[in-house]
Amino acid sequence: MSGHSVEEIKKETRVYVLVFVALAALTVVTVAVSYLHLSVGAAIAVALFIATIKGSLVAGFFMHLISERKLIYSVLILTVAFFIALMFLPLGGYLDRLG
Amino acid sequence: MQIPYTIEERPDTGLYNAKLGIWLFLASEVMLFGALFSSLILLRTSAPYWPHGYEKLNVPLATLNTMVLITSSVTMVMSWASLRLKEFGKYRLYMSATFLLGLVFMVVKAFEYGAKFSHGLYPSIDNFYATYFTMTGLHGLHVLGGMIVIAYLLGPGARMWKRQPERFTNRVEIVGLYWHFVDLVWIFLFPVLYLL
């Protein structure tokens, strides 16, 4: 958790409002892009790119990960590694079908 | 015996215990939802035909719900900031708003589910609806769980503010971390299920 003084906390709340505006704007963008009916690959790339930015804003500011203790980062690095492994598991099935 | 490290940081972790506890819990939640996302990828890539989400689901309602959850995340973080500023009145206002927004989310979701059920569309229809109901259902249960804790912190749990304000502020931070995580999951569920 960053700053404890009243001024610092008030500054943080102003950042929260800015993050909210960014999240709302990115939601509009991601919905608008979906109406363009891009090719499957492009649609997935754009949707996940925007979702990742939004997710990073939530995790970074609302969950205040931008200023956290090292131990939490260690836990999350391990989690991300396992999460990525999980996302690539379906690839095994795909390679299987290729023979 | 008093529970240790509810306010002060533990020397070896640099954190109060509940903070480390909630992050370990959220790490397990990442794997829970991750398994479902992974299953969806497997099912979708191996299916000869898979409909686009926007052909089957109500995108405007889901967009509304996305806005509702994002707003609830801001009110949640504001309620925590209010406690750090020792403004209990504002805390109640923001926390009540968070609860109400959670309720709005659930009501909208109920309308969505109701519309599907009225057309005979159940999880057993096909893999598309099976994954849709499983993932949004599990997410909805998380919203419901968060609302129960929020209601407690607005009701009987709020008494702690008078006796141990710092410990109460930490409790609100913890439920906030959980609530933001639930918002974060929806940020990915929304495009993956509805827009692709």
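The shown structure was predicted, so the numbers you read here are calculated from the model rather than taken from an experiment. (Residues numbered from 1 in each chain as written. Chains lettered and ligands numbered in written order. Predicted model: local features only at pLDDT ≥ 70, side-chain atom pairs only at ≥ 80, totals over all residues.)

What to know about the overall build of chain B
Looking only at helices and strands, one finds seven helices and zero strands in chain B. Starting at the N terminus and walking to the C terminus, you meet the elements of chain B as α-α-α-α-α-α-α. The C-alpha extent of chain B, read off along each of the three principal axes, is 60 × 35 × 25 Å. In chain B, which comprises 196 residues, the share counted as buried stands at 38%. Contacts in chain B between residues at least 24 apart in sequence constitute 76% of all its contacts with a sequence separation of at least 6. (Helix = DSSP H or I, 4+ residues; strand = E, 2+ residues; numbered from the N terminus. Buried ≥ 20, exposed ≤ 12 C-beta atoms within 10 Å, placed from the backbone. Contact = placed C-beta atoms within 7 Å.)

Digging into the interface of chain A and chain B
Counting from both sides, the interface comprises 35 residues of chain A and, opposite them, 39 residues of chain B. Partitioned by chemical class, the residues of the side of chain A that touches chain B number 25 nonpolar, seven polar and three charged. (Nonpolar A, V, L, I, M, F, W, Y, C, P; charged D, E, K, R; others polar.)

So, the nonpolar core
Generally speaking, nonpolar side chains in soluble globular proteins are found buried as a group. Counting residues in each nonpolar core, the largest one holds 63 residues, and the members touching the most others are Y178, F190 and L193 of chain B. For this core, the secondary-structure elements that each account for two or more residues are α1 (6-34) and α2 (40-62) of chain A together with α1 (17-46), α3 (59-84), α4 (88-118), α5 (127-154) and α7 (165-195) of chain B. Ranked by the residues each element gives to this core, the list is headed by α7 of chain B, at 19 residues. Once residues lying within four places of it in the same chain are set aside, the contact partners of F190 of chain B are A62, T66 and L195 of chain B. (Core = buried A, V, L, I, M, F, W, Y, C linked by C-beta atoms within 7 Å.)

Things to note about α7 of chain B
All names here are of chain B. Here α7 spans 44 Å end to end across 31 residues, near enough to the 45 Å set by a 1.5 Å rise per residue. Helix geometry: α7 is bent most strongly at L189, by close to 30°, with proline P191 lying one to four residues after it. Among the 31 residues of α7, 26 are classified as buried, and the element is accordingly described as predominantly covered. (Expected span 1.5 Å × (residues − 1). Bend = angle between axes of the 7 residues up to and from the residue.)

Thoughts on the environment of V58 of chain A
Among the secondary structure elements, V58 of chain A is positioned in helix α2. Taking the C-alpha atoms as reference, V58 of chain A lies 8.9 Å from F20 of chain A; in sequence the two are 38 residues apart. Sequence-distant contacts of V58 of chain A, that is, excluding residues within four places in its chain, are made with M63 of chain A together with S73, H180, D183, L184 and I187 of chain B.

As for helix α3 (residues 70-98) of chain A
With 29 residues, α3 of chain A should cover 42 Å at 1.5 Å per step; its first-to-last C-alpha distance of 43 Å lies within 8% of that length. The principal kink in α3 of chain A, of about 25°, is found at M87 of chain A, preceding the proline P90 of chain A by one to four residues.

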